[in-house]
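This is what each chain is made of:
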Amino acid sequence: MMNNTHRYIGIIFMVLFMISCHQKTPDPSASDEVHDSSLPDWSKDKSILEINIGKYTPEGTFASFQKEIPRLKESGAGILKFTLIHESDTGDTDNPEKHPYSINDFKSLNSHYGSPEDFKNLVETIHDHGMYLILEWQAAHTSKNHEWTRTHPEYYIIEAEGNHSPSANAYSMEVPAINYTEVKVQDAMTEAMLYWVTNFGIDGFDCIDAELVSINFWTKVRKALNQSKQILMVAEGAHPTLYDAFDITYSKDISELQLAVSNGKIASDLLDSVVVEEQELYPNDYCRMRYLFIQDHHNEDSGSMDALLGPGHEAMAVFLYTAPGIPLIYAGQEALIGRRSFLLDQDNRQGGEYEIAGFYSVLNYLKKENQSLWNGIHGGEYRKLEVSTFPEVLCFSRMKDDNIVITILNLSDRKVYYNYTDAMEGTKRFFGNEDNNTEIGSAIEMEAWGYQVFIK
């Protein structure tokens, strides 16, 4: 097992190296046709909630999950993201010999979840409640039992020995990599993605391993999808050229740094440094997906949120909701279940217990009501504020027109103090019932892993 201290140091260098390289080195596969990566207007004030249909209810079906939609609407969830719903090579996601994203048919539905009619009814119910649905999509590879392996061997990368080349992010040889230099496979994948938009009315895709697929394909498919409706495209990746085709990229660097801060391994101000560097690295209308690090492959005991983030969980959640970006709440997070345990443990179902759902409902309300926290270019300017001599205190503001949010976080396990400054004058405390008439310059105590948000 990797030494955790060395691992966190590695994260820091990885972030800095990524920023340096992306600023200086163009992507050789960059597309000639650039997409305007503005977020769809309907997504500007929403967060994303991940749903694992097979685990969300005891029945694990579309029909049973459909009953949860009114509650999710009340919680403030705006965009639902379904983990893969296709028929795959294995139904056992904890089988180490099988890849959980080994798709047999991109137009199929997992028969355990229900019929196409069940799914269509569910999508209609989601839309009727003013919510939106995006699907996870794995375009980098298929299962070895996909029909294409027999009917279109040219769709795959073949090694010198004549075997399928495994996907670069594969756990086994079971997932042959797709060859995107073949125009016909680009057309076939585009047609498969259009199938879900035109036949079921879904609103976008979260594309897993997006950097393993040619950006030329992504720009091509984005153009085709846009002809159907205003689509939201999310990329699991970080390279700036992804914004040629995508609206949102994953913020894995911030996620891992949050874990390091929670474990006392690095200083909190590095979180600010990465946010500032992102503003230089990405296009003006960039948007990054912020999420908590709740899946640790290095920690076999990481079955709960507390095992990973400890008492810092809520403070870190406040950061991801108030820093620039769109928040993602992972499957199981409302129930304080670590994502690794939730996805891999066949007996670990959400089952209707949502220990901190109210906390996330409050954050969803804050994001929707204050325009400075809206997503991407729709949100307000980010600026770090100095309000404390304690290095563990991170404070920043977001401002747009007359909307102001000031976030103060104590990212440590000791009591600290911050100063009430003139920047906070005229604002109100969002959390708690503290006196709003604090004098400028007065010191305010903050408990270990405490947080406060001032709003206007």
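A short note on the sheet that holds strand S11 (residues 403-410)
Right, so step 1: Pairing is antiparallel in the open sheet, where five strands are placed in the order S9-S10-S11-S15-S13. At either end of the open sheet lies a strand with only one pairing partner, and these are strand S9 (381-384) and strand S13 (428-429).
Right, so step 2: In terms of strand pairing, strand S10 (residues 393-400) meets S11 through eight bridges, oriented antiparallel. Directly across from Lys-400, in S11, lies its bridge partner Asn-403.
Right, so step 3: Packed onto the sheet, helix H10 (residues 269-281) meets S9 and S10 and runs at close to 145° relative to S9.
Right, so step 4: Against the sheet, helix H12 (residues 313-322) touches S10, S11 and strand S15 (451-455), its axis set at about 150° to S11.

Quick look at the packing of helix H5 (residues 116-128) against helix H7 (residues 183-200)
Right, so step 1: For the pair H5 and H7, interaxial distance at closest approach is 10 Å and the crossing angle is 70°. If you check the angle between H5 and H7, you find them roughly perpendicular. Contacts between H5 and H7 involve Pro-116, Phe-119, Lys-120 and Val-123 from the first element and Trp-196, Asn-199 and Phe-200 from the second.
Right, so step 2: Broken down by class, the residue content of the contact of H5 with H7 amounts to five nonpolar, one polar and one charged.

Notes on helix H8 (residues 215-226)
Structural remark: α-helix, 3.6 residues per turn; residues separated by three or four positions point the same way.
Right, so step 1: Along its twelve residues, H8 runs 16 Å from first to last C-alpha, staying within 8% of the 16 Å computed at 1.5 Å per residue.
Right, so step 2: Restricting attention to buried positions, one finds in H8 the residues Ile-215, Phe-217, Trp-218, Thr-219, Val-221, Arg-222, Ala-224 and Leu-225.
Right, so step 3: Summarising the contacts, the buried residues of H8 are in contact with H7, strand S4 (204-208) and strand S5 (232-235).
Right, so step 4: For H8, the side-chain oxygen to backbone nitrogen distance between the N-cap and Asn-216 is 3.1 Å, and the N-cap itself is Ser-214.

So, the pairing of S4
Right, so step 1: Of all five residues in S4, five are buried, a share of seventy percent or more.
Right, so step 2: Across the two faces of S4 the burial is the same, with Gly-204, Asp-206 and Ile-208 and Phe-205 and Cys-207 all buried.
Right, so step 3: As defined by bridge partners, strand S3 (residues 132-138) adjoins S4 across four bridges and the pair is classed as parallel. Paired with Glu-136 across the bridge in S4 is Asp-206.

What to know about the environment of Leu-84
Right, so step 1: Looking at the secondary structure, you find Leu-84 in the loop between strand S2 (79-82) and H5.
Right, so step 2: On the basis of relative accessible area, Leu-84 is assigned to the buried category, the value being 12%.
Right, so step 3: Expressed as a C-alpha distance, the spacing of Leu-84 and Trp-137, which sit 53 residues apart in the sequence, is 6.9 Å.

Calculation rules
- Residues numbered from 1 in each chain as written.
- Predicted model: local features only at pLDDT ≥ 70, side-chain atom pairs only at ≥ 80, totals over all residues.
- Heavy atoms only, no water.
- Pairing = 2+ DSSP bridges.
- Helix = DSSP H or I, 4+ residues; strand = E, 2+ residues; numbered from the N terminus.
- Contact = heavy atoms within 4.5 Å.
- Axes fitted to C-alpha atoms, helices over the stretch in contact; angles between N-to-C directions.
- Parallel < 35°, antiparallel > 145°, perpendicular 65-115°, else oblique.
- Nonpolar A, V, L, I, M, F, W, Y, C, P; charged D, E, K, R; others polar.
- Expected span 1.5 Å × (residues − 1).
- Buried < 20%, exposed > 50% of the residue type's maximum accessible area, 1.4 Å probe, protein only.
- Polar contact = N/O pair within 3.5 Å; in protein donor to acceptor, adjacent residues only side chain to side chain.

Such coordinate-based values are descriptive only and should not be taken to indicate function.
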